[in-house]
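If you want the building blocks of each chain, they are given just below.
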Amino acid sequence: MKNIVILISGRGSNMEAIIKAQLPNVRIAAVISNQAHAAGLDFAQKNGIATHVVDHKAYPNRLAFDEALIQTIDAYAPDCVVLAGFMRILTSEFTTHYQNRLVNIHPSLLPAFTGLNTHQRAIDMGCKVAGCTIHLVTADLDHGPILAQGVVSITPEETASSLAAKVLAVEHQLYPQAIQAFLCGQLWLENQHIKGELSPKRFYP
Ligand code: GRF
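Residues numbered from 1 in each chain as written. Predicted model: local features only at pLDDT ≥ 70, side-chain atom pairs only at ≥ 80, totals over all residues. Heavy atoms only, no water.

A.B. asks: Sorry if this is basic, but what is going on with helix α1 (residues 13-21) here?
C.D. replies: Helical geometry: 3.6 residues make up each α-helical turn, so side chains three or four residues apart lie on a common side. The set of residues buried in α1 consists of S13, N14, M15, A17, I18 and I19. Lining the buried residues of α1 we find β1 (2-8), β2 (26-33), α2 (40-46), β4 (80-83), β5 (102-106) and α6 (160-183). Count one or two residues on from α1 and you reach Q22, which has phi positive near 45°. (Buried < 20%, exposed > 50% of the residue type's maximum accessible area, 1.4 Å probe, protein only. Helix = DSSP H or I, 4+ residues; strand = E, 2+ residues; numbered from the N terminus. Contact = heavy atoms within 4.5 Å.)

Structure below.
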């Protein structure tokens, strides 16, 4: 059995998808939020999962917050820490501590459109496709070895919100699948690249 801890800041729909997927041999040990009122906490509690709030505002700086977060996470001895809409920039101390076992989902086809407002930026650039990327987290924001990507097309009448909805639907299918594949060794890290592949490769057009 592999233990994972999920970090959220808000809605938590990716966390919900991971819980609902009931991944074999994966135990969701805890869900932790930096926001006391994150909607996702409720869903986790209703599913019998331990929840914690580590409020970043209670700490004098990023490092003090990250140290408190590490303490809370490590009580569950996770094999993998899953960022699911966790809206904090993490220190290199944190990313190093969880090196090669910290995963994130980003709503763009990285390395394009790191940061925020990814969907509007993709539309403004005239991109014909968009998508999401699941990657290992390094100290470099929205970079790191890519585990999986899902692609959707951008139609001429696309808006940022219609694109966000399309991409989110793919996120919900791909994130549980990628976590499972990484934890069971179907995907693995070799020379800073992810090897192996997801099957089926449903999210490539
Ligand atoms: C998702 O779009 C994810 O790609 C990004 O933050 C959003 C989180 O949504 N990292 P949710 O909280 O999982 O609903």
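There's plenty left to go through after this.
A.B. asks: Could you clarify how one ought to interpret the packing of aromatic side chains in this entry?
C.D. replies: Here the distance between the centres and the angle between the planes together describe a pair of aromatic rings. All told, the structure shown has 2 aromatic pairs when counted by the stated rule. Geometrically, the ring pair formed by Y59 and F65 is tilted, given 6.1 Å between the ring centres and 55° between the ring planes. A residue is classified by how much of its surface remains accessible, and Y59, at 30% relative accessible area, is partly exposed. Residue classification places F65 among the buried positions, given a relative accessible area of 3%. (Phe/Tyr/Trp six-rings, centres within 6.5 Å; stacked < 30°, edge-to-face > 60°.)

A.B. asks: Help me understand the site of the ligand, please; the structure alone is not making it clear to me.
C.D. replies: In the vicinity of the ligand, the contacting residues are R11, G12, S13, N14, G85, I105, H106, P107 and E171. Here N14 contributes a backbone N or O atom positioned 2.9 Å from an oxygen atom of the ligand. At a separation of 2.8 Å, a nitrogen atom of the ligand approaches a polar backbone atom of I105. Protein chains shield 85% of the accessible area of the ligand, which is 360 Å² for the free molecule. At the level of secondary structure, the elements contributing two or more residues to the shell around the ligand comprise α1 and β5. For the shell around the ligand, the residue count by class is 2 nonpolar, 5 polar and 2 charged. (Near = heavy atom within 4 Å. Polar contact = N/O pair within 3.5 Å; in protein donor to acceptor, adjacent residues only side chain to side chain. Areas by Shrake-Rupley, 256 points an atom, 1.4 Å probe, with all protein chains shown as cover. Nonpolar A, V, L, I, M, F, W, Y, C, P; charged D, E, K, R; others polar.)

A.B. asks: Honestly, the pattern of salt bridges in this entry has me stumped. Any pointers?
C.D. replies: Any two side chains of opposite charge can pair if their charged atoms end up close together. Counted according to the given criterion, the structure contains 4 salt bridges. Residues E16 and K20 are paired through a salt bridge, measuring 3.0 Å at the closest nitrogen-oxygen approach. With E16 and K20 both in helix α1 and 4 residues apart, this pair spans about one turn of that helix. Among the ionic pairs, D42 bridges to K46, the shortest N-O distance being 2.9 Å. Here D42 pairs with K46, and both are found in helix α2, just 4 residues apart, close to one helical turn. (Salt bridge = Lys/Arg side-chain N within 4 Å of Asp/Glu carboxyl O.)

A.B. asks: I tried to follow the sheet that holds strand β7 (residues 146-153) on my own but got confused; where do I start?
C.D. replies: Note: strands within a sheet are paired through backbone hydrogen bonds, in either parallel or antiparallel orientation. Spatially, β3-β2-β1-β4-β5-β6-β7 is the arrangement adopted by the 7 strands of the open sheet, whose pairing is mixed. Two strands close off the open sheet at either side, each with one partner strand: β3 (50-53) and β7. When the angles between neighbouring strand axes are averaged without regard to direction, this sheet yields 20°. In this structure, β2 lies alongside β3, joined through 4 bridges in parallel fashion. Bridge pairing in β3 places V31 opposite T51. Strands β1, β2, β4 and β5 of the sheet are contacted by α1, whose axis makes an angle of about 160° with β1. (Pairing = 2+ DSSP bridges. Axes fitted to C-alpha atoms, helices over the stretch in contact; angles between N-to-C directions.)

A.B. asks: Please explain the nonpolar core as it appears in this structure.
C.D. replies: In globular proteins that are soluble, nonpolar side chains generally tend to be buried together. The biggest cluster of nonpolar side chains holds 42 residues, and the ones touching the most others in it are I4, I6, I18, V31, V82 and Y175. No other element matches the 10 residues that α6 contributes to this core. Ignoring sequence-local partners within four residues, the contact set of I4 consists of I18, V26, R27, I28, A29, A30, P78, C80, V82 and L183. (Core = buried A, V, L, I, M, F, W, Y, C linked by side-chain atoms within 4.5 Å.)

A.B. asks: Just to check I follow, could you spell out the environment of P24 for this structure?
C.D. replies: Tracing the backbone through its elements, the reader meets P24 in the loop between α1 and β2. Accessibility expressed as a relative area gives 48% for P24, which makes it partly exposed. Taking the C-alpha atoms as reference points, P24 and Q180, 156 residues apart in sequence, are found 7.9 Å from one another.

The values reported here are purely geometric and, on their own, carry no functional implication.
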